[in-house]
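In case you want the letters, here they are:
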Amino acid sequence: QQPVQSPQAVILREGEDAVINCSSSKALYSVHWYRQKHGEAPIFLMILLKGGEQKGHDKISASFNEKKQQSSLYLTASQLSYSGTYFCGTDPYYNQGGKLIFGQGTELSVKP
Amino acid sequence: DTGVSQDPRHKITKRGQNVTFRCDPISEHNRLYWYRQTLGQGPEFLTYFQNEAQLEKSRLLSDRFSAERPKGSFSTLEIQRTEQGDSAMYLCASSRPTEIYNSPLHFGNGTRLTVT
């Protein structure tokens, strides 16, 4: 039931783009995205709800395809501060709050 | 918003000892969650509270683990008779009482447990 993230790791140069995918075998109500730097707490990026919406914040955006049970996180014109491990957290139920099932993570390294 | 606070940050204990961790959520958040994270993995759900009521416990959680949130504010997680497999980062998170279905989690920095 754990969602599968791909790729497992990616190395970028500053200014390059990246896509991180999150696929689930179960129907989903929502998908959360978090970023975690080494030794720190995961930080919330965005939530996408059932309905196929796309959200964006600065140069980070995401989409949610409920038919494919898949979400993708798009990082454009990457900055050094984008480095970290990205986790998707999936929620198959409405109103379950934060009882999320997290993927194994995608480690992103942005080099100067 | 002072953030979610966890104490201690690190705990080293010998196998068989009991340990207790504390979490102070963001003050207006009524939902509190405990997750466990091992190296190279995403957080794994353990249990959660709405106010003082424990609403769900993961089936993966053995009966050596117990959590409380006595007055609906801070929470404690106790592990009895620790085993080496309990070594992990224990994360606490809280969320706002409204907009439950789209409420982001605010995580603390975690307690790193090492069982020797």
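All residue numbers refer to position in the chain's written sequence, counted from 1. Chain A is the first chain written and ligand 1 is the first ligand written, with later ones labelled in order. With pLDDT at 70 or above as the cut-off, local features in this predicted model cover only qualifying residues; side-chain atom pairs require 80 or more to be listed or tallied, and sums for whole chains, interfaces and linings still use all residues. Only heavy atoms go into the side-chain values, all of them from the structure, while hydrogens and water stay out.

K.L.:
Is there a simple way to explain the overall build of chain A in this structure?
P.N.:
Secondary structure summary: chain A contains 0 helices and 11 strands in total. Only DSSP runs of H or I with at least four residues qualify as helices, and only runs of E with at least two residues qualify as strands; both kinds are numbered from the N terminus onward. The linear arrangement of helices and strands in chain A, starting from the amino end, is β-β-β-β-β-β-β-β-β-β-β. Here the globule rule reads 2.2 Å times residues to the power 0.38, and the radius of gyration is calculated from C-alpha atoms. Compactness check: chain A gives a C-alpha radius of gyration of 13 Å against a globular reference of 13 Å for 112 residues, within 12% of the reference. Partly exposed describes any residue whose relative accessible area lies between the buried limit of under 20% and the exposed limit of over 50%, with all areas from a 1.4 Å probe on protein chains only and scaled to the type maximum. Among the 112 residues that make up chain A, the fraction classed as buried is 48%. Note on contacts: a residue pair qualifies if any of its non-hydrogen atoms lie within 4.5 Å across the two residues. A separation of at least 24 residues holds for 56% of the contacts in chain A among residues at least 6 apart in sequence.

K.L.:
Would you explain the overall build of chain B in this entry?
P.N.:
Within chain B one finds 0 helices and 11 strands. Reading the secondary structure of chain B in the N-to-C direction produces β-β-β-β-β-β-β-β-β-β-β. A globule of 116 residues ought to have a C-alpha radius of gyration of about 13 Å, and chain B, at 14 Å, matches this closely. With the C-alpha coordinates of chain B rotated into their principal frame, the extents come out at 40 × 25 × 25 Å. Looking at chain B as a whole, 47% of its 116 residues qualify as buried. Pairs at least 24 residues apart make up 54% of the contacts formed inside chain B by residues separated by at least 6 positions. We get accessible surface area from the Shrake-Rupley algorithm with a probe of 1.4 Å; when it comes to residues, only the shown protein chains can shield them. Carbon and sulfur atoms make up 44% of the accessible area of chain B, which totals about 5900 Å².

K.L.:
Which parts of the structure should I look at to understand the interface of chain B and chain A?
P.N.:
Reports of interface size often rely on the accessible area that becomes lost once the parts have come together. Contact with chain B, which involves 22 residues of that partner, is made by 23 residues of chain A. The term buried area denotes the loss of accessible surface (1.4 Å probe radius) that occurs when two parts are joined, taken as the sum for both partners. Here chain B and chain A share an interface that buries about 1800 Å² over both sides, 56% of which is from carbon and sulfur atoms. Whenever Lys or Arg places a side-chain nitrogen within 4 Å of a carboxyl oxygen from Asp or Glu, that contact is recorded as a salt bridge. Where chain B touches chain A, the interface holds 1 salt bridge. Of the charged contacts, one joins E56(B) and K99(A) as a salt bridge, the two residues approaching to 2.6 Å between their closest N and O atoms. Of all the secondary-structure elements, those providing two or more residues to the side of chain B that touches chain A are β4 (31-37) and β5 (44-50) of chain B. No other element matches β4(B), which puts 4 residues into the side of chain B that touches chain A. Its residues assigned to classes, the side of chain B that touches chain A shows 11 nonpolar, 8 polar and 3 charged. Throughout, the ten residues Ala, Val, Leu, Ile, Met, Phe, Trp, Tyr, Cys and Pro are labelled nonpolar, Asp, Glu, Lys and Arg are labelled charged, and all others, Gly among them, are labelled polar.

K.L.:
So what exactly am I meant to see when it comes to the sheet that holds strand β8 (residues 75-79) of chain B here?
P.N.:
Working definition: the strands of a sheet are paired by backbone hydrogen bonds and lie parallel or antiparallel to each other. Residue and element names in this part refer to chain B. Whether two strands pair comes down to DSSP finding at least two bridges between them. Strand order in the open sheet formed by 4 strands is β1-β3-β8-β7, with antiparallel pairing between adjacent strands. The open sheet is flanked by β1 (5-7) and β7 (65-68), the only strands paired with a single partner. Taken pair by pair, the neighbouring strands of this sheet meet at an average axis angle of 15°, ignoring direction. Axes here refer to lines fitted to C-alpha atoms; in helices the fit is confined to the stretch in contact. Angles between the N-to-C directions go from 0 to 180 degrees.

K.L.:
Which parts of the structure should I look at to understand the packing of aromatic side chains?
P.N.:
How two aromatic rings sit relative to each other is given by the distance of their centres and the angle of their planes. Planes of paired rings set the category: under 30 degrees apart is stacked, over 60 is edge-to-face and the rest tilted, where pairs are Phe, Tyr or Trp rings (Trp by its six-membered ring) whose centres lie within 6.5 Å. Inspection of the entire model under this criterion finds 11 aromatic pairs over all chains. Ring geometry for F65(B) against Y90(B): centres 6.4 Å apart, planes inclined by 35°, an arrangement best described as tilted. One end of the pair, F65(B), is in strand β7; the other, Y90(B), is in strand β9 (residues 88-95), and 25 residues separate them in sequence. Three or more aromatic residues joined by ring pairs form one cluster here, namely Y34(A), F44(A), F102(A), Y33(B), Y35(B), F45(B), Y48(B) and F107(B).

K.L.:
Any chance you could explain the nonpolar core here in plain terms?
P.N.:
Buried together is how nonpolar side chains tend to be arranged in soluble globular proteins. By nonpolar core we mean a set of buried residues, namely Ala, Val, Leu, Ile, Met, Phe, Trp, Tyr and Cys, connected to one another through side-chain atoms within 4.5 Å. By size, the foremost hydrophobic cluster in this structure holds 21 residues, and its most contacted members are W33(A), L73(A), L75(A), Y82(A), Y86(A) and L108(A). Elements that contribute at least two residues to this core include exactly β2 (9-13), β3 (18-23), β4 (30-36), β5 (43-49), β7 (60-65), β8 (70-75), β9 (84-91) and β11 (106-111) of chain A. Counting 19 residues, the second-largest nonpolar core is a separate cluster that includes V4(B), F21(B), F49(B) and L77(B).

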